[in-house]
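Okay, here's what each chain looks like letter by letter:
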Amino acid sequence: MGYPAEYRYTKEHEWISVEGTAGTVGITDYVQSSLGDIVFVELPRVGDALEAGKIFGSVESVKAVSDLYSPVSGEVTAVNEELKDAPEKVNADANKTWLLKLTLKDAAELEKLLTAEQYEKFVSEETGH
Amino acid sequence: MAEMTATLRKTALNATHRAHRAKMVDFGGWDMPVEYSGLVAEHMAVRTGVGLFDVSHMGDIQLRGPGSLAAVQRLCMNDASRLAVGQAHYSAMLNEDGTFVDDVVVHKLSDNDFLIVINAGTREKDVAWVRRQVGAMPGIHINDYSDFYTQLAIQGPKAEATLQKLTDVNLSAIRNYWFTWGKVARLYNVLIARTGYTGEDGFEIYIPSDEPTSGRVWSEVLEAGAEFGILPCGLGARNTLRLEAGMALYGHEISETTNVLEAGLGRYAKLEKGADFVGREALVEIEAGGGPKRRLVGLEMMERGIGRDGYPVCAVSGEKIGVVTSGSPAPFLKKNIALAYVPVQYSALDEVVAVEVRGQLVKAKVVATPFYKRAGTKRP
């Protein structure tokens, strides 16, 4: 499935796509694949303030539970309500299935994130493949 | 982890698993497939059709000679004198204090020949234990045959129809926990046992562990099961299947710190079998003292949240009273279930307790195990 070049990535396997000050956050195909069948996504509420690098929720599969880390700081403007009843959508297409949208507080934070190329290299080093 | 890969043990099917892009994990020192197409799909295939597992990491100790029955009786808590040739049963090797060295399946190959199937992660310990406990007894020969067998588990309501295509042995005549030998996939004298660890009907076959043979039989079973939607399955599905079926896993429900009675496996400990076995005295004492103080129970989560291995179990007041030993969403039952140790006073059915899930108390109810029981079988 790969990693879209226009996204930025965290080492905790979230992606963010940005237009102006509006960010959309999801998890990467690599982490959905290693988690396997996702059964529950726990998300913050609209209006919550997120801080870069801090936990904002969790994603739980049959096998394991994994924390979600915010790529940037900002205020949550929407959460993907579909995932309440259909969390498996993340497995089906992690690149397109967003978890939440937020308004960026400081666009400079994006520079600390990984490019698709850097993320792919990071993952291959992590897995040894 | 990458640098550890070189030291992991591999089954003869390792290259096959990797070629089929299975997700591999370190399981008890073994590089094993945890998942092929997906845990839930694999779990459902076993419940509704058929699945194929590589369980070659399991160990095999053979005790032979005129003293072998006496040795098995000394080592294992169940009564092997009641086994007929061609029959197997669940049993365990215990420490002096009634805790588990390992849980095992004992197969009676002949009057003077027993095969004990042991867990992968405990192999060295088990072999050393067997030699220490019975190595000096007269008339026995102990062998570790673990590396000589590729063990395949074919499990599910369509397991018999699948395997039947590869053998002339009348599989429907093999009863649950019995076995025979026969030609399978052009291999002579394959041990075919109607055993498994999924709560479903099925077979385990023991074939030579060379790579070409193992790979060939693996492929032939998959071909034979294709019309039933067979899926190659990983240890992830094996774990959720055995959990739904309420079966204990070594290192979780049973270990060196849990005894047979609290684990609810007392029915397999034949205290009156007429032979002293290691751990017997401790079990007699625990029973005489009013039974165990804690018990393994089944829990069903009543609220959103999944109790996982190691999570604390609390009274609804919040006081910590026990611990989850295995917990997961149950793919077939579509409930979140767990096995947990709780004090006896909290172990009655319908008792409401709580599991501390990442800092939050989530209510759970004590329910009967097995969580899942397959419908009546048509076997003789």
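Above this note sits the structure.
Note that the structure is predicted; figures quoted are calculated from it, not measured. (Residues numbered from 1 in each chain as written. Chains lettered and ligands numbered in written order. Predicted model: local features only at pLDDT ≥ 70, side-chain atom pairs only at ≥ 80, totals over all residues. Heavy atoms only, no water.)

Focus on the overall build of chain B
Our working rule: Starting at the N terminus, helices and strands are each numbered in turn, a helix being any DSSP run of H or I of at least four residues and a strand any DSSP run of E of at least two. Atoms considered for the radius of gyration are the C-alpha atoms alone. The globule rule reads 2.2 Å times the number of residues to the power 0.38. Computed with a 1.4 Å probe, the accessible areas rest on the Shrake-Rupley method; for each residue, only the protein chains presented here act as cover. The sign given to each residue is positive for Lys and Arg and negative for Asp and Glu; His and the chain ends receive no count. Where a charge lies is defined by one atom per residue type, namely NZ (Lys), CZ (Arg), CG (Asp) and CD (Glu).
Summing up its helical and strand segments, chain B has eight helices and 19 strands in all. Computed over C-alpha atoms, the radius of gyration of chain B comes to 21 Å, within 12% of the 21 Å expected from 2.2 N^0.38 for 380 residues, which places it in the range of a compact globule. Expressed as lengths along the three principal axes of its C-alpha atoms, the size of chain B is roughly 60 × 50 × 50 Å. For chain B, the accessible area works out to roughly 15,500 Å², and carbon and sulfur atoms hold 51% of it. Of the charged side chains in chain B, 42 are positive and 44 negative; the average position of the first set lies 4 Å away from that of the second.

What about the side chain of B:H89?
All names here are of chain B. Test applied: Exposure categories follow from relative accessible area, calculated using a 1.4 Å probe and restricted to protein chains: below 20% of the type maximum is buried, above 50% is exposed, and the middle band is partly exposed. We call two residues in contact whenever any of their non-hydrogen atoms come within 4.5 Å of each other.
Counting through the fold element by element, H89 comes out in strand β5 (residues 88-94). Under the relative-accessibility criterion, H89 is labelled buried at 12%. With sequence-adjacent residues up to four places away left out, H89 is seen in contact with N78, D79, A80, L83, V104, V105, V106 and Y177.

What about helix α7 (residues 235-244) of chain B?
Residue and element names in this part refer to chain B. By the criterion of burial, α7 is predominantly enclosed, with nine of the ten residues buried. Of the residues making up α7, those classed as buried are L235, G236, A237, R238, T240, L241, R242, L243 and E244. Residues of α7 that are buried in the fold lie against β1 (23-27), β2 (30-35), α2 (39-48), β3 (51-54), β16 (320-330) and β17 (335-343).

Points about the interface of chain B and chain A
The line we're drawing: Two parts placed together each lose some accessible area; with a 1.4 Å probe, that loss summed over both constitutes the buried area. Salt bridges are defined as contacts in which a side-chain nitrogen from Lys or Arg sits within 4 Å of a carboxyl oxygen from Asp or Glu.
Contact with chain B, which involves 15 residues of that partner, is made by 16 residues of chain A. Of the roughly 1,300 Å² buried at the junction of chain B and chain A (both faces included), carbon and sulfur atoms supply 53%. Its largest share of buried area at the contact with chain A, chain B owes to B:R304, B:R308 and B:R358, together 40% of the area lost on that side. Summed over the shared surface of chain B and chain A, the number is three salt bridges.

Let's talk about the packing of aromatic side chains
Residue and element names in this part refer to chain A. This is how the line gets drawn: Centre distance within 6.5 Å is the pairing criterion for rings of Phe, Tyr and Trp, where only the six-membered ring of Trp is used; planes under 30 degrees apart are then read as stacked, over 60 as edge-to-face, and the remainder as tilted.
Applying the stated criterion across every chain yields a total of twelve aromatic pairs over all chains. Measuring from ring centre to ring centre gives 4.9 Å for Y3 and Y119, while their planes differ by 85 degrees; the resulting arrangement is edge-to-face. Within this pair, whereas Y3 is found in the segment before β1 (8-9), its partner Y119 is found in helix α4 (residues 116-127), the two being separated by 116 residues in sequence. Of the two residues, Y3 and Y119, both sit in the buried class.

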